Amino acid sequence: MTTPPIERRQCDRRRACYGGTLRIAAFLPEVECRLRDHSLTGVRIVIAEDVVLPRVVDLTVACRNQTRRAEIVWRSGTQAGLAFLEGPPREVATAVEARAAWNAAAPPDRLH
């Protein structure tokens, strides 16, 4: 007789099939991923096996217009489990909004 595995999830998970991107660092290109299931506290993604992930990433799901900061909790081959590090998701700013915010915060001597 085998003992069932201990369930460590705090919230129920739901199956998903969304495309997403991981922002690993400001100077590196974003990495494409697929979300396979999600909950209020985390998500399971599928990525290329050769992608090296840091401990913390920003996950953007364009179809839901959301970005979440997440910590890599586990990884097995092409799959990884991420735990969200903050409260509710942030909405993704459009490129025009992001540029306007950047220019408003820029020092006056900076060339635009």
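Presented here is an overview of the structure given in this document. This one's a predicted model, so the numbers in the text were calculated from it and none came from an experiment.

**Remarks on the packing of aromatic side chains**
Within the structure shown, the criterion is met by 0 aromatic pairs. When the ring centre of phenylalanine 84 is taken as origin, the NZ or CZ atom of arginine 68, which lies over that ring, is 4.0 Å away.

**Concerning the pattern of salt bridges**
Any two side chains of opposite charge can pair, on the condition that their charged atoms come close. Under the defined criterion, the tally for this structure stands at 3 salt bridges. The shortest N-O distance in the salt bridge between aspartate 37 and arginine 44 comes to 3.1 Å. Just as aspartate 37 is buried, arginine 44 falls in that class too. Salt-bridge contacts for glutamate 71 lead to arginine 55; the nearest nitrogen and oxygen are separated by 3.1 Å. With a gap of 16 residues between them, glutamate 71 in strand β5 (residues 66-76) and arginine 55 in the loop between β3 (42-46) and β4 (56-61) connect regions that are remote in the sequence. We classify glutamate 71 as partly exposed; its relative accessible area is 26%.

**A look at the pairing of strand β6 (residues 79-84)**
Sheet analysis places β3 next to β6, joined by 5 bridges and oriented antiparallel. Across the sheet, residue glycine 42 finds its bridge partner in β6, namely alanine 83. The sheet contact formed by β5 and β6 spans 6 bridges and is antiparallel. Bridging across to β6, tryptophan 74 finds its partner in glycine 81. Counting the residues in the hairpin turn of β5 and β6 gives 2 residues, including glycine 77, whose phi is positive at 65°.

Rules and cut-offs
Residues numbered from 1 in each chain as written. Predicted model: local features only at pLDDT ≥ 70, side-chain atom pairs only at ≥ 80, totals over all residues. Heavy atoms only, no water. Phe/Tyr/Trp six-rings, centres within 6.5 Å; stacked < 30°, edge-to-face > 60°. Lys NZ or Arg CZ within 6 Å of the ring centre and 35° of its normal. Salt bridge = Lys/Arg side-chain N within 4 Å of Asp/Glu carboxyl O. Buried < 20%, exposed > 50% of the residue type's maximum accessible area, 1.4 Å probe, protein only. Helix = DSSP H or I, 4+ residues; strand = E, 2+ residues; numbered from the N terminus. Pairing = 2+ DSSP bridges.

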